[in-house]
Structure formats: structure tokens, C-alpha cells
Amino acid sequence: AQKVTQAQTEISVVEKEDVTLDCVYETRDTTYYLFWYKQPPSGELVFLIRRNSFDEQNEISGRYSWNFQKSTSSFNFTITASQVVDSAVYFCALSGTFYGGATNKLIFGTGTLLAVQP
Amino acid sequence: EAQVTQNPRYLITVTGKKLTVTCSQNMNHEYMSWYRQDPGLGLRQIYYSMNVEVTDKGDVPEGYKVSRKEKRNFPLILESPSPNQTSLYFCASRSGSGGSTEAFFGQGTRLTVV
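Read on for a plain summary of the structure. Counting starts from 1 at the beginning of each chain's written sequence and moves along it residue by residue. Chain A is the first chain written and ligand 1 is the first ligand written, with later ones labelled in order. With the structure being a predicted model, the display of local features is reserved for residues of pLDDT at least 70 and the display and counting of side-chain atom pairs for 80 or more, all residues being used for whole-chain, interface and lining totals. As a rule here, side-chain values cover all heavy atoms of the structure and leave hydrogens and water aside.

What follows covers the interface of chain B and chain A. Tallying the contact residues gives 25 residues for chain B and 23 residues for chain A. Surface buried jointly by chain B and chain A totals about 1,900 Å² across both partners, of which 50% is contributed by carbon and sulfur atoms. By salt bridge we mean one thing: a side-chain nitrogen of Lys or Arg within 4 Å of a carboxyl oxygen of Asp or Glu. Applying the counting criterion to the chain B and chain A interface returns 1 salt bridge. As a salt-bridge pair, B:Asp59 and A:Lys105 come within 2.9 Å of each other at their nearest N and O atoms. Within 3.5 Å is the distance limit for a polar contact, defined as a pair of N or O atoms, with the added protein rule that one can donate a hydrogen and the other accept it, and that residues adjacent in sequence qualify only through two side-chain atoms. For the interface between chain B and chain A, the tally reads 5 residue pairs in polar contact (both at pLDDT 80 or more). Secondary structure elements with two or more residues in the side of chain B that touches chain A: strand 4 (31-38), strand 5 (42-51) and strand 9 (87-94) of chain B. Per-element accounting of the side of chain B that touches chain A gives the leading share, 5 residues, to strand 5 of chain B. Residue contacts are counted whenever heavy atoms from the two residues lie within 4.5 Å of one another. Values labelled buried area give the accessible surface lost by two parts on being combined, using a 1.4 Å probe and summing over both. Secondary structure elements follow DSSP: runs of H or I of four or more residues count as helices, runs of E of two or more count as strands, with numbering from the N terminus.

Below is the structure:
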């Protein structure tokens, strides 16, 4: 089965704090892709990052960084020095190749609502 | 500009009144999907299409229909809407196959069935 778990339903931080959003996945595919999407209060889904299963290098983009660890099936997302504009729901998603490839489906976690207080 | 356009953005309707949510993409993508987003459940795939005239059920297809007569358009049809179809709907398109590419999402359609 393919599954994505985001155990943190809601997180509240004060501006400038660092925050990590957890994502744990399950898949039988050996080749798969992981994604993070941001959903601001306006409701649209904004693509943040894609990572394939063969690339375990951490990635940094400005205040955002991602830690992919195959050994623990995790793909965590850290925001450094959080800002009010980071307030949103964040979704982690998985896309398989063999088991999920035909449907081209993204398997989403349930999302984490991040509230950054000024 | 690459985009997926859904209409309408907001819709309130009554039980049993047929409705269509339109979706159009300008990126020449083969794959298109419909998802619904519900609190505590994330997004779940309703239907998908691999190309023109090729569609199939996703995880939650009951009560929905789709068609893909042109590559760019993928409308979602609710023949007889019920209150349990009140949800936020997203259309998405992706290029290629094998799950490697990012999905582009429409702005979402918030549907309320009373």
C-alpha cells in the first residue's frame, strides 16, 4: 500500500522561530517521488519541491530546507526564521512509478496547518 | 503563462441538480486528474485521464463522471449531487508518466450541496 502520514495536524509558532513539518511515507515502489505543496489561506496549491527516491541529498531553498531519509521513510520540511506569510496548510505527497504510475496519482498526507504568530 | 483553469470557483447548489465543473490546461499535458479535499482526509483522487478518450476511476469515483474529448479539457460532472459531495475540488495536470513530474493545480472549486 502507498500511504503518507503527517502526524502534526496543527503547529503554532511565533515569528522567527524555526519549525519542522514531519512527513512519513510507505510505498512498495523502488522508484518514487516525494513532493511538498503549500496551500495558503487563499486556497490554491503551490508546488514547493520534488525529490526522487535515488537522491537523498538534503535541499535548501532560502529559508526552506528538506531532509529526505530513506532509512526512516521520512521527508521532513523545515522553515527557518518563520514569517507570518508562511502560515498555510502544507501537504506532503507521494507518487509511485509501478504501483501508482498508471494512475499518475499523487497520494497526499492529511496536511499540517502552520500558524505563524507575529 | 502555464496554468490550469477551473470554473466556477464557488458554487452552491441543491441536491439532485446536475452540475459541471470545467477544467482546462494550456500546457499540452497528457495526464489530468480530479481531486477532492476534505478536512482530515487530505486530497483524494476522483478520476484521472491519461489522454483523450482515456479515463478511469481514482479512489473516490462514486457520484462523479468525467470526459476527455479534447486534450486540454477535463470537466467533472455531478449528475445528481448530494450533500456528501460538499467539498473543495481541484483539477490537476501533469506531463509524461511514471509519477515523476509535478502536478499543476487549478485554483479550486468550493462546492456546497444543500
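For this text, the term disulfide refers to a pair of cysteine sulfurs within 2.5 Å. All told, the structure shown has 2 disulfides over all chains when counted by the stated rule. Each sulfur of the disulfide joining A:Cys23 and A:Cys92 lies 2.0 Å from the other. Given an S-S torsion of about -65°, the disulfide between A:Cys23 and A:Cys92 has left-handed geometry. On the criterion of sequence distance, the pair formed by A:Cys23 in the loop between strand 3 (19-21) and strand 4 (24-26) and A:Cys92 in strand 10 (residues 88-96) is long-range, its members being 69 residues apart. Burial classes follow relative accessibility: with a 1.4 Å probe on protein chains only, a residue under 20% of its type's maximum area counts as buried, one over 50% as exposed, and anything between as partly exposed. For A:Cys23, a relative accessible area of 0% puts it in the buried group. Overall, A:Cys92 belongs to the buried group, its relative accessible area being 0%. Between the sulfur atoms of B:Cys23 and its disulfide mate B:Cys91 the distance is 1.8 Å. Around the S-S axis, the bridge from B:Cys23 to B:Cys91 shows a dihedral of about -70° and counts as left-handed. Of this pair, B:Cys23 sits in strand 3 (residues 19-25) while B:Cys91 sits in strand 9, and the two are 68 residues apart along the sequence. Since its relative accessible area comes to 3%, B:Cys23 is described here as buried.

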